[in-house]
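Single-letter residue listing:
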Amino acid sequence: MQSDTLKSTLVVSLPAIRWSIKTDLLQLLLVNPENMVVDRIFSGIQPTGTPHLGNYLGAIQNWVNLQEECSSVLYSIMDMHSLTMPKEPAVLRQNILDTTAAILACGIDPKKCFLFRQSLVPEHAELAWILGCLTNMPRLLRLPQWKMKRASQNNEGTVGLLTYPVLQAADILLYKSTRVPVGEDQVLHLELAQDIAQHFNKKYGEFFPVPKAILSTTKKIKSLRDPAVKMSKSDPQKLATVNIADSPDDIVLKFRKAVTDFTSEVTYDPAARPGVSNLVSIHAAVTGLSIEEVLQQSVGLDTAHYKMVVAESVIQKFAPIRNEIKKLQEDKSHLMKVLEDGAVKAKELAAPIYQEIRRLVGFQ
């Protein structure tokens, strides 16, 4: 009899316990909405003017797709990061507008994401200071970007250049971002953000989700003049980099002068034939074809003719974007308003999160 009573009690009380747990959790989330983990994507781009082919294929094209897949997406023009390399104020102001026009022309829709200028949300810098106080110097000194960029500044790198990865972590964590689109060269910086989030959580209690990387499926686009290095706006060789606003004539010239080798057949072997393989990667990326499909279409072509095939594909891809960039650049007030409106929305999202951070660390 006692055994039957015990069984009955267990049957009745276990569901009650489960219901009690669910109710308590719901009340916790309603009272403290910051405890909810929302799928949120954050990424940023430095305002270097009109982006180049590598920027588009490696990042911006992915951004356009992600804004359709996720309901909470933030994209930032990283003007604070741009100060790590010397810039004239007038040039920076114009670069901010040109970069904004370009990413809007590429398909970024402010109705589907928050597009804003980093410096308009001061919580980025404030959180960077807090997180910097949790980050040790040796970790920053080991990052390869510090070593490389310091060398470009005659080994006199600034404090900003050393600590900008901490600001990157603040950019991400300020919004409790869960996913971050990154290129191969930024993976170590995201790992730093992950470690800082875990360190903060261990010290102050579980607060930040640990953000995960969204790696681009596009092969890294290399310089047309030196396929051993990636395509870059700062490349001193003007024929090395294709900008998305380049004229058709400029695009043809740059691909005609692209470095390949003495073998005329079109093949894909990045180790043995980096120049031709880079052209194949670009061709596949702008057409949406696979490497195998591109190679199949290129049977019988020598590399000289193939360069023109790739150039024409790039021209067709960027023609509508180039036209839209020109139209947007004529309306600076519209571009500024887009960034300001986005910053208002970003700040509304960041403010309660940052206030809770202030409370956790003892500021209030």
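Residues numbered from 1 in each chain as written. Predicted model: local features only at pLDDT ≥ 70, side-chain atom pairs only at ≥ 80, totals over all residues. Heavy atoms only, no water.

Draft legend 1. Here's a closer look at the overall build of the chain. The helix and strand tally for the chain stands at 14 helices and five strands. Within the chain, the fraction of its 364 residues that count as buried is 43%. Considering only contacts within the chain whose residues lie at least 6 apart along the sequence, 74% involve residues at least 24 apart. For the chain, the exposed area adds up to about 19000 Å²; of that, 57% sits on carbon and sulfur atoms. (Helix = DSSP H or I, 4+ residues; strand = E, 2+ residues; numbered from the N terminus. Buried < 20%, exposed > 50% of the residue type's maximum accessible area, 1.4 Å probe, protein only. Contact = heavy atoms within 4.5 Å. Areas by Shrake-Rupley, 256 points an atom, 1.4 Å probe, with all protein chains shown as cover.)

Draft legend 2. Broad picture of the nonpolar core. Counting residues in each nonpolar core, the largest one holds 57 residues, and the members touching the most others are Leu53, Leu115, Phe255, Ile282 and Val314. Among the elements that line this core, the one with the most residues is helix α13 (residues 303-329), at nine residues. Ignoring anything within four residues of it in the chain, the contact list for Leu115 reads Tyr75, Ile77, Thr100, Ile103, Leu104, Ile108, Val338, Leu339, Gly342 and Ala343. In terms of nonpolar packing, the next biggest core, distinct from the first, is built from 40 residues, Met78, Leu167, Leu174 and Ala343 among them. (Core = buried A, V, L, I, M, F, W, Y, C linked by side-chain atoms within 4.5 Å.)

Draft legend 3. Quick look at α13. Taking 1.5 Å per residue, 27 residues should reach 39 Å; α13 reaches 37 Å between its end C-alpha atoms and fits that length. The largest bend in α13 is about 40°, located at Phe318, with the proline Pro320 one to four residues further on. (Expected span 1.5 Å × (residues − 1). Bend = angle between axes of the 7 residues up to and from the residue.)

Draft legend 4. View of the pattern of salt bridges. On inspection of all chains with the given rule, the structure shows ten salt bridges. Salt-bridge contacts for Asp39 lead to Arg179; the nearest nitrogen and oxygen are separated by 3.0 Å. Of this pair, Asp39 sits in the loop between α1 (2-31) and β1 (41-45) while Arg179 sits in strand β4 (residues 179-182), and the two are 140 residues apart along the sequence. Among the residues examined, Asp39 registers a relative accessible area of 37% and is labelled partly exposed. (Salt bridge = Lys/Arg side-chain N within 4 Å of Asp/Glu carboxyl O.)

Draft legend 5. Expanded view of helix α2 (residues 53-69). Given a rise of 1.5 Å per residue, 17 residues ought to cover 24 Å, and the 24 Å separating the end C-alpha atoms of α2 matches this to within 8%. A maximum bend of about 35° is found in α2 at Ala59. Buried within α2 we find Leu53, Gly54, Tyr56, Leu57, Ile60, Gln61, Asn62, Trp63, Val64, Leu66 and Gln67.

Draft legend 6. Representation of the packing of aromatic side chains in the model. As enumerated under the stated definition, the model contains eight aromatic pairs in all. Note on Phe116 and Tyr175: the rings are 6.0 Å apart at their centroids and 65° apart in plane angle, and the pair reads as edge-to-face. Note that Phe116 is positioned in strand β3 (residues 114-117) and Tyr175 in the loop between α8 (159-173) and β4, a separation of 59 residues in sequence. Tyr175 shares its class with Phe116; the two are buried. An angle of 55° between the planes, with centres 4.8 Å apart, marks the rings of Phe200 and Phe208 as tilted. Here Phe200 and Phe208 have matching classes, each one buried. Grouped by ring-pair contacts, the aromatic residues Phe200, Tyr204, Phe207 and Phe208 constitute a single cluster. (Phe/Tyr/Trp six-rings, centres within 6.5 Å; stacked < 30°, edge-to-face > 60°.)

Draft legend 7. Region of the structure containing the environment of Asp331. Among the secondary structure elements, Asp331 is positioned in the loop between α13 and α14 (332-361). Along the backbone, Asp331 and Leu97 are 234 residues apart, and their C-alpha atoms lie at a distance of 9.8 Å.

Draft legend 8. Examining the environment of Glu312 more closely. Position of Glu312 among the secondary structure elements: in helix α13. On the basis of relative accessible area, Glu312 is assigned to the partly exposed category, the value being 39%. Each C-alpha atom of the pair Glu312 and Phe255 lies 9.7 Å from the other, and the pair is 57 residues apart in sequence.

Function cannot be read off these values alone, since they describe shape.
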